[in-house]
Amino acid sequence: MRERPLHVVVLAAGQGRRMRSALPKPLLPLAGRPLLLHVLEAAEALSPSAIHLVHGRAGGAPLQVVVGDRPGLFWVLQDPPLGTGHAVQAALPSIPGNARVLVLLGDVPTVWPELLRPLVEAEDPLAVLIARPADPGGYGRVLLDGEGRVRAVVEARDAGPEALASPWVNTGIIAASAGELSRWLTRLEPRNAQGEYYLTDVFAMAWAEGRPARAFTTEDPIAGLGVNDAAELASLERAWQRRQAEHLLQQGVRLADPSRFDLRGRLKAGRDVEIDVDVILEGEVELGDGVRIGPFSRLRDCRLAAGSEVLAHCDLEGVVSEGACRIGPFARLRPGTRLAAAVQVGNFVEIKNSALAAGVKANHLSYLGDASIGEGSNIGAGTITCNYDGLSKHRTVIGARAFVGSNCSLVAPITIGEEATIGAGSVLTKDAPAHALTLARAPQRSIPGWRRAARPRRKPLEQREPRSENAEAGKLGDEQSA
Ligand code: UD1
Ligand code: CA
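Reading the values: rules and limits
Residues numbered from 1 in each chain as written. Chains lettered and ligands numbered in written order. Predicted model: local features only at pLDDT ≥ 70, side-chain atom pairs only at ≥ 80, totals over all residues. Heavy atoms only, no water. Helix = DSSP H or I, 4+ residues; strand = E, 2+ residues; numbered from the N terminus. Rg over C-alpha atoms; globule rule 2.2 N^0.38 Å. Buried < 20%, exposed > 50% of the residue type's maximum accessible area, 1.4 Å probe, protein only. Near = heavy atom within 4 Å. Polar contact = N/O pair within 3.5 Å; in protein donor to acceptor, adjacent residues only side chain to side chain. Areas by Shrake-Rupley, 256 points an atom, 1.4 Å probe, with all protein chains shown as cover. 1 Å grid on protein atoms, 1.4 Å probe; cavity = no way out; pocket = protein on both sides within 12 Å on 5 of 7 lines; lining within 4 Å. Sits in = over half its atoms within 2 Å of the grid points. Nonpolar A, V, L, I, M, F, W, Y, C, P; charged D, E, K, R; others polar. Expected span 1.5 Å × (residues − 1). Contact = heavy atoms within 4.5 Å. Domains from an automatic or database assignment. Buried area = accessible area lost by both parts, 1.4 Å probe. Salt bridge = Lys/Arg side-chain N within 4 Å of Asp/Glu carboxyl O. Axes fitted to C-alpha atoms, helices over the stretch in contact; angles between N-to-C directions. Parallel < 35°, antiparallel > 145°, perpendicular 65-115°, else oblique. Left-handed = near helix turned anticlockwise from the far one by under 90°.

## Topic: the overall build of the chain
Link 1 in the chain: Broken down by element type, the chain carries nine helices and 39 strands.
Link 2 in the chain: Over its C-alpha atoms the chain spans a radius of gyration of 33 Å, topping by over 25% the 23 Å that the globule rule assigns to 482 residues.
Link 3 in the chain: Seen through its principal axes, the chain has C-alpha atoms that stretch 110 × 65 × 40 Å.
Link 4 in the chain: When burial is assessed residue by residue, the chain has 48% of its 482 residues classed as buried.

See below:
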């Protein structure tokens, strides 16, 4: 094969009106990642000489924030956006005439290198990936001749009965020789329902020149699907999730219900991992052997050691467990939470930026922030580390085998010594020594013979005057305050 550089053109300058979003469409997420990043990653996997990202005036800045600087990526402004053909034309001046050009659409995220390579490597001056979706809807229809060559692509809005009857649609993924493409594009005219310069008009030109485009087909039901409105995005998301779930099942991850599982990132799972229904995993999640995740939980960027168990309704972000722990139900663990082996974190416990050593128990209703808690300590129900003084955050250090009674407030910075016992309900503002009982609360006292003030006797209800002109409301008020 001839040596020819590959230039990828990614079209992302359209306004995506059908999405009705304030966000540029290429930035909407599929499986937790912006559509555009799916496309760019597929492009990068082909090791092209350059990627030309065509953006509109408004989209430039937000796209830049998400895409960032990438080697070999060039930004091309198309202003105003006058159609897909016009968009490709905007990129062509920086593409050498001998290049192979691959056009990808910023709203077609289900593309991967194996799908694209045949088009890139084809010798035909023009090649296109076509698909046969169950509902050809608004896609451009592909007219094929008897030998499967492309006669034309007609947009749905401009299509007559013959074109509409074609089951084949244009995925928008096109490869062409730069020189030919440039020649065809200069001949485009906006004579169509939308008054735009359609990239798809090049197919009829190639056919007329006797060098029709070669069509590559895909059997993959989600490959090359476009995302034009919220409904298409939602259905692609479901299909994508289903596929990821099948893949995990094949690896032996035991998903209770593959249709009630969402992975918005990457999961690395050991053996015998069990995931109950309605679990959402985001970012990078690593689950060791035998980890079990209960229903209705969300984990983001977590690493849980083998044997750890997350019970129902937990929200975990940036959590690392270094040994088998039990978390939840209803625990909220925030970034910087490190749990050693045999830690138990129970219901309505919030932890942030804290390390709990082996065997620590915080089973009920606590807030532990900026704390380090020594091995085997027990944190009683309702205990709070008061880590914030309105200005800065302070640390709480609790030694090994301490026992902090229920409902204590530990005003940081503070240190609780090893094997210290803190009486329930204490508000500690000073360090508590090791091996001692510390109490900081009003001593309990009893006043013998004390009587409650006698209640004045009230008239029976039927003898009372209504309190306001609205007699009904008045009555209600009386009854409630009685
Ligand atoms: C386009 C194709 C259609 C195909 C479908 C596949 C054309 C004329 N139609 O239709 O045949 O079936 O994709 O999904 O090519 N864009 C620009 N600049 C513009 C206009 C669009 O960069 O001036 C970008 C958009 O941001 C989008 C992509 O090009 O990422 C496709 O544009 P869109 O308007 O969504 O085209 P479709 O109507 O979906
Ligand atoms: Ca589209």
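Next comes the rest of the account.
## Some details on the site of ligand 1
Link 1 in the chain: Taken together, 24 residues form the shell around ligand 1, and within it Gln 78, Gly 83, Thr 84, Glu 155 and Asn 170 come nearest.
Link 2 in the chain: Contact between ligand 1 and Gly 106: an oxygen atom at 3.4 Å from a main-chain N or O atom of the residue.
Link 3 in the chain: Side-chain polar atom of Asp 107 to an oxygen atom of ligand 1: 3.0 Å apart, as the coordinates give it.
Link 4 in the chain: A total of 760 Å² of accessible area belongs to ligand 1 in isolation, and the protein chains cover 90% of it.
Link 5 in the chain: Judged by its atoms lying within 2 Å of the grid points, ligand 1 is housed in the largest pocket.
Link 6 in the chain: Listing elements by their share of the shell around ligand 1, those giving two or more residues are strand 1 (6–12), helix 3 (84–91) and strand 10 (169–177).
Link 7 in the chain: Of the residues that constitute the shell around ligand 1, the class distribution is 10 nonpolar, 10 polar and four charged.

## Points about helix 8 (residues 230–250)
Link 1 in the chain: Compared with the 30 Å implied by 1.5 Å per residue over 21 residues, the 30 Å span of helix 8 between its first and last C-alpha is a close match.
Link 2 in the chain: Buried residues along helix 8 sit in contact with strand 2 (29–30), helix 1 (35–44), strand 12 (254–255) and strand 13 (261–269).
Link 3 in the chain: Taken from the residues just after helix 8, Gly 252 is the one with a positive phi, measuring 95°.

## As for unusual backbone geometry
Link 1 in the chain: Residue Asp 79 is joined to Pro 80 through a cis peptide bond whose omega torsion reads 0°.
Link 2 in the chain: Residue Ala 412 is joined to Pro 413 through a cis peptide bond whose omega torsion reads 0°.
Link 3 in the chain: Inspection of the secondary structure assignment puts Pro 413 in the loop between strand 35 (409–411) and strand 36 (414–416).
Link 4 in the chain: Backbone geometry at Ala 31 places phi at a positive 50°, although glycine is not the residue there.
Link 5 in the chain: The topology assignment puts Ala 31 in the loop between strand 2 and strand 3 (33–34).
Link 6 in the chain: Under the relative-accessibility criterion, Ala 31 is labelled buried at 6%.
Link 7 in the chain: Although it is not a glycine, Phe 348 adopts a positive phi angle of roughly 55°.
Link 8 in the chain: If you trace the backbone, Phe 348 turns up in the loop between strand 25 (344–347) and strand 26 (349–352).

## Considering the domain arrangement of the chain
Link 1 in the chain: What the domain assignment reports for the chain is domain 1 (6–218) and domain 2 (230–438).
Link 2 in the chain: In this structure, domain 1 and domain 2 have C-alpha centres spaced 46 Å apart.
Link 3 in the chain: Note on domain 1 versus domain 2: buried area summed over both sides is about 830 Å², and carbon and sulfur give 73% of it.
Link 4 in the chain: The three residues of domain 1 that bury the most area against domain 2 are Met 19, Leu 30 and Ala 31, which together make up 52% of that side's buried surface.
Link 5 in the chain: Counting across the domain 1 and domain 2 interface gives zero salt bridges.
Link 6 in the chain: Looking at the side of domain 1 that touches domain 2, the elements with two or more residues in it are strand 2 and helix 1.
Link 7 in the chain: For the side of domain 1 that touches domain 2, the per-class residue count stands at eight nonpolar, three polar and no charged.

## Here's the deal with the packing of helix 1 against helix 2 (residues 60–67)
Link 1 in the chain: Viewed as axis vectors pointing N to C, helix 1 and helix 2 meet at an angle of 60°, and their least axial separation amounts to 10 Å. For the element pair helix 1 / helix 2, the angle class is oblique. In the crossing of helix 1 with helix 2, the sense of the turn from one axis to the other is right-handed. In this structure, helix 1 uses Leu 36, Leu 37 and Leu 40 to contact helix 2, whose residues at the interface are Leu 63, Val 66 and Val 67.
Link 2 in the chain: The residue makeup of the contact of helix 1 with helix 2, split by class, is six nonpolar, no polar and no charged.

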